[in-house]
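Coordinate inspection notes
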Amino acid sequence: MIEKAVGIIGLCTFMLFAGFITAKVGEIDLWIVFILVSLMAGYDFYLDIFKASNGNGKGPSD
């Protein structure tokens, strides 16, 4: 359970930091990259943390 909380905090911290940098630079291309990277990071986090292991060793570690 603690790994889920730490993961959520880490993901939010990454998005906050990258969003701050993106807002300071203000380029539309950087905003597009930031949104795509944030979506991919969120999806990867979801797959790694919230999907149950199906017994083949490809689920979250305990």
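These numbers were taken from a predicted model, which means no experiment stands behind them.

1. Considering the packing of helix α1 (residues 2–25) against helix α2 (residues 28–50)
- Their axes nearest at 10 Å, the elements α1 and α2 cross at an angle of 175 degrees. By the criterion of interaxial angle, the relationship of α1 to α2 is roughly antiparallel. Judged by residue contacts, Glu3, Lys4, Gly7, Ile8, Leu11, Phe14, Met15, Ala18, Gly19, Thr22, Ala23 and Val25 of α1 engage Leu30, Trp31, Phe34, Val37, Ser38, Ala41, Gly42, Phe45, Ile49 and Phe50 from α2.
- Of the residues belonging to the contact of α1 with α2, the class tally is 15 nonpolar, five polar and two charged.

2. Describing α2
- For α2, which comprises 23 residues, the first-to-last C-alpha distance of 32 Å matches the rise-based estimate of 33 Å (1.5 Å per residue) to within 8%.
- Buried residues of α2: Phe34, Ser38, Phe45 and Ile49, and no others.

3. Details of the packing of aromatic side chains
- Counting across every chain of the model gives one aromatic pair.
- Seen from their ring centres, Trp31 and Phe34 are 5.9 Å apart, and the 80 degrees between their planes marks the pair as edge-to-face. Here Phe34 and Trp31 lie together in helix α2, a separation of three residues that amounts to about one turn.
- When its relative accessible area of 31% is taken as the criterion, Trp31 is described as partly exposed.
- You can call Phe34 buried: its relative accessible area is 15%.

4. Re α1
- With 24 residues, α1 should cover 34 Å at 1.5 Å per step; its first-to-last C-alpha distance of 35 Å lies within 8% of that length.
- All buried positions along α1 are accounted for by Gly7, Leu11, Ala18, Gly19 and Thr22.
- Each element contacted by the buried residues of α1 is listed here: α2.
- Positive backbone phi, approximately 80 degrees, marks Gly26, located one or two places after α1.

5. Digging into the side chain of Ser38
- Summarising the element assignment, Ser38 is placed in helix α2.
- Classification of Ser38 as buried rests on a relative accessible area of 9%.
- Setting aside residues no more than four positions away along its own chain, Ser38 makes contact with Phe14 and Met15.

Parameters and conventions
Counting of residues starts from 1 at the beginning of each chain's written sequence and follows it residue by residue. The model is predicted, so local features are restricted to residues of pLDDT at least 70 and side-chain atom pairs to those at 80 or more, both for listing and for counting; the totals for chains, interfaces and linings are taken over all residues. The basis for every side-chain value is the complete set of non-hydrogen atoms in the structure, without hydrogens or water. Comment: axis = line fitted to C-alpha atoms, over the contacting stretch for helices; angle = value between 0 and 180 degrees taken between N-to-C directions. Segments assigned H or I by DSSP are reported as helices when at least four residues long, segments assigned E as strands when at least two residues long, and all are numbered from the N terminus. By the definition adopted for this analysis, an angle is roughly parallel if under 35 degrees, roughly antiparallel if over 145, roughly perpendicular if from 65 to 115, and oblique otherwise. Between two residues, a contact is recorded if the distance between any of their heavy atoms is within 4.5 Å. Charged means Asp, Glu, Lys or Arg here, nonpolar means Ala, Val, Leu, Ile, Met, Phe, Trp, Tyr, Cys or Pro, and polar covers whatever is left, Gly included. Multiplying 1.5 Å by the helix residue count minus one yields the expected span of that helix. Between buried and exposed lies partly exposed: a residue is buried under 20% and exposed over 50% of the maximum accessible area for its type, with that area taken using a 1.4 Å probe on protein chains only. Paired rings are identified among Phe, Tyr and Trp, the last through its six-membered ring, by centres lying within 6.5 Å, and are further divided according to the angle between planes into stacked (under 30 degrees), edge-to-face (over 60) and tilted (the rest).

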